[in-house]
Amino acid sequence: MLYPKLSQSRALMDLSGIWDFALCGPDTFDDAIAGAPLPKPMSIAVPASYNDQKEGVDFRDHYGWVAYQRTISLPAPLAEERILLRFGAVAQYAKVYLNGALLCEHKGGFLPFETEITGKIKPGCNLLTVAVDNKVDYGTLPVGNEDGSSMLGGMLAAVPGVTPKRQNMPNFDFFNYAGISRPVKLYTTPKSYIADITLIPSVNGTDGVVHYRVDTVGTGEVSLSIKDELGQEVAVAAGPEGSFTIPNVQLWEPHAAYLYTAEVTFGTDCYAEPFGVRTVEVRGAQFLINGKPFYFKGFGKHEDSNYHGRGLDEVLNVKDLSLMKWMGANSFRTSHYPYSEEMMYLCDREGIVVIDETPAVGVNLNFGAAGGGAPRDTYELLRTKEHHQDVIRDMIARDKNHACVVMWSVANESDTTAVPDSAVAYYKPLYDLAHASDPQNRPVTIVGVQNDYTKDKTLPLFDVICLNRYYGWYVYGGDLGAAQQALALELDFWQKLGKPVMFTEYGADTVAGLHLATPTMFTEEYQVDFYEATHAVTDRYACFVGEQTWNFADFATIQGVMRVDGNKKGIFTRDRRPKFAAHYFKKRWTEIPNFGYKS
Ligand code: BDP
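Residues numbered from 1 in each chain as written. Predicted model: local features only at pLDDT ≥ 70, side-chain atom pairs only at ≥ 80, totals over all residues. Heavy atoms only, no water.

Can you help me understand the nonpolar core in this one?
In a soluble, globular protein the nonpolar side chains are often hidden away together inside. Formed by 107 residues in total, the largest nonpolar core has its most connected members in Phe287, Phe332 and Tyr427. For Tyr427, the residues in contact, after removing those within four places along its chain, are Val363, Tyr379, His388, Val410, Ala411, Ser414, Ile446, Thr458 and Phe462. (Core = buried A, V, L, I, M, F, W, Y, C linked by side-chain atoms within 4.5 Å. Buried < 20%, exposed > 50% of the residue type's maximum accessible area, 1.4 Å probe, protein only. Contact = heavy atoms within 4.5 Å.)

Looking at this structure, how should I read a nonpolar patch on the surface?
Together, Tyr474, Val561 and Met562 make up an exposed nonpolar region whose accessible area comes to about 370 Å². On the secondary structure map, Val561 appears in the loop between strand 30 (544-550) and helix 9 (580-591). Relative accessible area serves as the criterion here: at 76%, Val561 is assigned to the exposed category. (Patch = residues over 30% accessible without salt bridge, like charges linked within 9 Å, V, L, I, M, F, W, Y side chains within 5 Å. Areas by Shrake-Rupley, 256 points an atom, 1.4 Å probe, with all protein chains shown as cover. Salt bridge = Lys/Arg side-chain N within 4 Å of Asp/Glu carboxyl O. Helix = DSSP H or I, 4+ residues; strand = E, 2+ residues; numbered from the N terminus.)

Teacher, can you tell me more about the site of the ligand here?
The ligand sits among 14 residues. The nearest are Asp173, His336, Glu413, Tyr474 and Lys569. In this structure, an oxygen atom belonging to the ligand sits 2.4 Å away from a side-chain N or O atom of Tyr474. In this structure, Lys569 approaches the ligand through a side-chain N or O atom, which is 2.5 Å from an oxygen atom. Look at the ligand: alone it shows 320 Å² of surface, and the protein chains cover 93% of it. (Near = heavy atom within 4 Å. Polar contact = N/O pair within 3.5 Å; in protein donor to acceptor, adjacent residues only side chain to side chain.)

How do you make sense of the packing of aromatic side chains when you look at a structure like this?
For any pair of aromatic rings, geometry is given as the distance between the ring centres together with the angle between the planes. In the structure shown here, the tally under the stated rule is 46 aromatic pairs. When the centroid spacing of 5.0 Å and the interplanar angle of 40 degrees are considered together, the rings of Phe552 and Phe572 count as tilted. Linking Phe552 in the loop between strand 30 and helix 9 with Phe572 in the loop between strand 30 and helix 9, this pair joins segments that are 20 residues apart in sequence. Per residue, the accessibility class of Phe552 equals that of Phe572, and both read buried. Note that Arg82 overlies the ring of Tyr193, its terminal NZ or CZ placed 3.4 Å from the centroid. (Phe/Tyr/Trp six-rings, centres within 6.5 Å; stacked < 30°, edge-to-face > 60°. Lys NZ or Arg CZ within 6 Å of the ring centre and 35° of its normal.)

I would appreciate a short explanation of the sheet that holds strand 12 (residues 184-189) in the present structure.
Picture the strands of a sheet paired through backbone hydrogen bonds; they go either parallel or antiparallel. Here we have four strands laid out as an open sheet, ordered 1-12-5-9, and antiparallel in their pairing. Whereas interior strands pair on both sides, the edge strands pair on one side only; in this sheet they are strand 1 (12-14) and strand 9 (113-116). Ignoring which end each strand starts from, the neighbouring axes of this sheet average 20 degrees apart. Sheet analysis places strand 5 (residues 82-87) next to strand 12, joined by six bridges and oriented antiparallel. Paired with Ile83 across the bridge in strand 12 is Thr188. (Pairing = 2+ DSSP bridges. Axes fitted to C-alpha atoms, helices over the stretch in contact; angles between N-to-C directions.)

Just checking my understanding: could you explain the packing of helix 7 (residues 480-495) against helix 8 (residues 524-538) for this structure?
Two numbers describe a pair of packed helices, the interaxial angle and the distance between the axes. One can describe the packing of helix 7 onto helix 8 by two numbers: an axis separation of 9 Å at closest approach and a directional angle of 35 degrees. For the pair helix 7 and helix 8, the crossing hand works out as right-handed. Residue-level inspection shows Leu480, Gln484, Leu487, Ala488 and Leu491 of helix 7 in contact with helix 8, the latter providing Tyr526, Asp529, Phe530, Ala533, Thr534, Ala536, Val537 and Thr538. Of the residues contributing to the contact of helix 7 with helix 8, the split by class is nine nonpolar, three polar and one charged. (Left-handed = near helix turned anticlockwise from the far one by under 90°. Nonpolar A, V, L, I, M, F, W, Y, C, P; charged D, E, K, R; others polar.)

Looking at this structure, how should I read helix 2 (residues 314-327)?
Count 3.6 residues to each turn of an α-helix, and residues three or four apart come out pointing the same way. For helix 2, with 14 residues, the first-to-last C-alpha span of 20 Å sits near the 20 Å given by 1.5 Å per residue. Taken together, the buried positions of helix 2 are occupied by Leu316, Asn317, Asp320, Leu321, Leu323, Met324 and Met327. The arc enclosing the buried residues of helix 2, seen along the axis, measures out at 155 degrees, which places them on a common side. Looking at the buried residues of helix 2, the elements they touch are strand 23 (296-300), strand 24 (331-333), helix 3 (341-350) and helix 9. Downstream of helix 2 by a residue or two, Gly328 has a phi angle that is positive, lying close to 85 degrees. (Expected span 1.5 Å × (residues − 1). Arc of directions from axis to C-beta.)

Sorry if this is basic, but what is going on with helix 9 here?
An ideal rise of 1.5 Å per residue puts 16 Å on twelve residues; helix 9 measures up with 18 Å between its terminal C-alpha atoms. Taken residue by residue, helix 9 has Ala581, Ala582, Tyr584, Phe585, Arg588 and Trp589 as its buried positions. Along the axis of helix 9, the buried positions cluster into a sector of 155 degrees, meaning they face one direction only. When the buried face of helix 9 is taken as reference, the exposed residues oriented beyond 90 degrees from it are Lys587, Thr590 and Glu591. Tucked into the core, helix 9 has its buried residues touching strand 23, helix 2, helix 8 and strand 30.

Just checking my understanding: could you explain the pairing of strand 5 for this structure?
Along any regular strand, the residues point their side chains to alternate faces of the sheet. In terms of burial, strand 5 is largely enclosed, as six of its six residues are buried. In terms of strand pairing, strand 5 meets strand 9 through four bridges, oriented antiparallel. Along strand 9, the bridge assignment pairs Leu85 with Thr115.

I'm lost on the state of the cysteines in this one. Help?
Disulfides are covalent bonds that connect the sulfur atoms of two cysteines. Scanning the entire structure with this criterion turns up zero disulfides. Lacking any disulfide linkage, Cys466 is separated from the closest cysteine sulfur, that of Cys543, by 12 Å. (Disulfide = S-S within 2.5 Å.)

Even after reading the chapter, I still don't get the pattern of salt bridges, so can you show me in this structure?
Close approach of charged atoms allows side chains with opposite charge to pair. For the structure on display, the rule yields 41 salt bridges. Residue Glu116 is joined to Arg82 by a salt bridge in which the shortest nitrogen-to-oxygen separation is 3.4 Å. Here Glu116 is found in strand 9, whereas its partner Arg82 is found in strand 5, with 34 residues between them in sequence. The class for Glu116 is partly exposed, based on a relative accessible area of 36%.

Sorry if this is basic, but what is going on with the domain arrangement of the protein here?
Interface size, as often reported, equals the accessible area lost upon joining of the parts. Looking at the assigned domains, one finds that the protein contains domain 1 (12-189), domain 2 (193-278) and domain 3 (295-368 + 376-591). Here domain 1 and domain 2 have C-alpha centroids that lie 36 Å from each other. (Domains from an automatic or database assignment.)

How should I be thinking about the sheet that holds strand 29 (residues 501-505) in this particular structure?
Strand order in the closed barrel made by the eight strands is 23-24-25-26-27-28-29-30, with parallel pairing throughout. Neighbour-to-neighbour, the strand axes of this sheet turn through a mean angle of 25 degrees, independent of strand direction. Note: strand 23 against strand 24, three bridges, orientation parallel. If you follow Gly298 over to strand 24, its bridge partner there is Ser331. The strands touched by helix 5 (residues 385-399) are strand 25 (353-357) and strand 26 (405-412); relative to strand 26, the strand with the most contacts, the crossing angle is about 165 degrees. Relative to strand 28 (residues 464-468), helix 7 is tilted by about 165 degrees, and along the sheet it contacts strand 28, strand 29 and strand 30.

Dropping the structure here:
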């Protein structure tokens, strides 16, 4: 799906701002609400999660539906165009109404959707209502509890006669922020229009050879003009599918991005898509970008900040990439859901490498919030399979042209050992689907939970072994010697597989400002010791191709006995102040080259 852009053939209107808002019921949304202005509405900012914009437990812990509302009008000169209403992301389920009539529904909180409103938007004022459900359950990604029931149990058994309030219990370790979290846009295209553009770059000697396809609707001729960064035309092409050659191509490289622009025209429609020319390949135990062995230095992140919650914050995006470059980091994973399209374009521009992850987190009923008690068959109990296929297809369709994306992650910390055969039956088709969906056929991974890896039949099916490991925190916390031994045993195991291995998470909760001369857990000194001890082991393995810490910054979680004001494993605080470890990593990473570290 193309990102909405202003061009000589397309008008673009951003509906960001203050909308009317109301909390609604838990289970169903009453369509009648959408037919009239909300009575005594609250004011809410869009785009942003709603949770932290107002005070009160009922607001923060709201379970179920809310309504957003505003009026929209179409400028009269655009009346003859094709008109679309597009949502960057609405978490977790959306129903969109215009003048009381249901236009569309969308499941999933992290990918865009749009609906054509040509002929439905009338002259003058139109009432736009967006109903949003925040419920997570056994059928959603991410996974949560069923029916708002208290599935956690906690440490003690439930007390008979007590009825806990219904609420979302995420089977994942981040706050279930909800609402219209990414921009809402109204845009137009001509009646004959460009529907999609696919670009598949390759390198032939000093030339870039790019295969392309332009999907169109209506009548017209397709032509392409390829411009370099100075706006000079370097190639042309014609027809809906073919290839073009860029002589003496400038490659897109980590920290040295070069972007060309494909200016595509079809009849009167035109659309400009920036792209980089680079190759990605897993060869043996190496991860190659442009044919050179790449070393991932970076983070698992979150879209998370004060007041915005999970809402798009472009200032923060620019700041985060700036901090990464300051430290010599070259990459991050979009843990645990696809990030905004704005962030993906920014990473293309800034030369930051991205592992792009679906929202499949919590597909594990024997771990985390859901854990405890007799083992359960995750794959029998969850109803995520079809939706999981959808999010893989939709994420790849959205992000397929981004040079920054070098690998897809189909899930984080799934149940890959407890019932190994059902895990393989669930994940092998998803691995195949990801490869089949990607025109560039990038590597595909699944991010593995700390487990009895000798029994894991799922991880080895994937192209890169991505490990979330907490030796020295959840396992052997405070005993870094034992942590090192356990980690070395595990890496001895994985290196025999002959595939690249990397950390997609490792870290220690650290309270900023807490210091001790003799480090203990939670101090800033312990965080640095934890990382130093870990690297003393990982640096010995040639197959170990990357280190992405958990987490870039402290972030919000549900309240509970495991978390004091959220997860504190950040290298930065939530407001982006560096902990000691940021300076440690800055020194380490500026000395580790992006390419050839282990060769
Ligand atoms: C892993 C999860 C991540 C958590 C982290 C932690 O992938 O989302 O926040 O551990 O416990 O299990 O800090």
